[in-house]
Amino acid sequence: GTMTNKIVIEAKKESNTKSDARFYDLFKLGLFTQKGGQYGYDIGYFIDLPSRPLNKFKVVFEKDNTVADSNVFIVKIEDLV
């Protein structure tokens, strides 16, 4: 019921290795979260989902700087085995 935009998320399987599509997704998230931009999302997450089930895993956050003054993180789910 508000106009406050908090989080925008894009999720893809890690097996999806098309670099131009990945760049576009990160760029789009950057525009959504750019300070002073028209969309006003606080934070964006690009989630690399594993292609296979994992019993034990860790979550790694990496800052993405594709778009200046944006707040996007790449989230990787990595196997612990």
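Residues numbered from 1 in each chain as written. Predicted model: local features only at pLDDT ≥ 70, side-chain atom pairs only at ≥ 80, totals over all residues. Heavy atoms only, no water.

Student: Sorry, what's going on with the packing of aromatic side chains here?
Tutor: The relative placement of two aromatic rings is captured by the distance of their centres and the angle of their planes. Within the structure shown, the criterion is met by five aromatic pairs. Plain terms: the ring middles of F23 and F27 are 6.0 Å apart, the flat faces sit at 20° to each other, and that makes the pair stacked. With a gap of four residues between them, F23 and F27 both fall in helix α1 (residues 19-33), about one helical turn apart. The structure contains a cluster of three or more aromatic residues connected by ring pairs, namely F32, Y39 and Y41. Directly above the aromatic system of F73 lies the positively charged group of K63, at a separation of 5.2 Å from the ring centroid. (Phe/Tyr/Trp six-rings, centres within 6.5 Å; stacked < 30°, edge-to-face > 60°. Helix = DSSP H or I, 4+ residues; strand = E, 2+ residues; numbered from the N terminus. Lys NZ or Arg CZ within 6 Å of the ring centre and 35° of its normal.)

Student: Sorry, what's going on with the confidence of the model for the protein here?
Tutor: A low pLDDT means the predicted coordinates there should not be read in detail. Taken residue by residue, the protein gives an average pLDDT of 92. The fraction at 70 or more is 99%. Per-element mean pLDDT across the protein ranges from 94 in strand β4 (residues 72-79) up to 96 in strand β3 (residues 57-64). (pLDDT = per-residue confidence, 0-100.)

Student: What exactly am I supposed to notice about the side chain of D48 here?
Tutor: By the secondary structure assignment, D48 is in strand β2 (residues 43-49). Within polar-contact distance, the side chain of D48 engages the side chain of R22 at 3.2 Å. What D48 contacts, discounting residues up to four positions off in sequence, is K12, E14, R22, I74, V75, K76 and I77. (Polar contact = N/O pair within 3.5 Å; in protein donor to acceptor, adjacent residues only side chain to side chain. Contact = heavy atoms within 4.5 Å.)

Student: It is not clear to me how the environment of G36 should be interpreted in this structure. Could you clarify?
Tutor: Tracing the backbone through its elements, the reader meets G36 in the loop between α1 and β2. For the pair G36 and K13, spaced 23 residues apart in the sequence, the C-alpha separation amounts to 31 Å.

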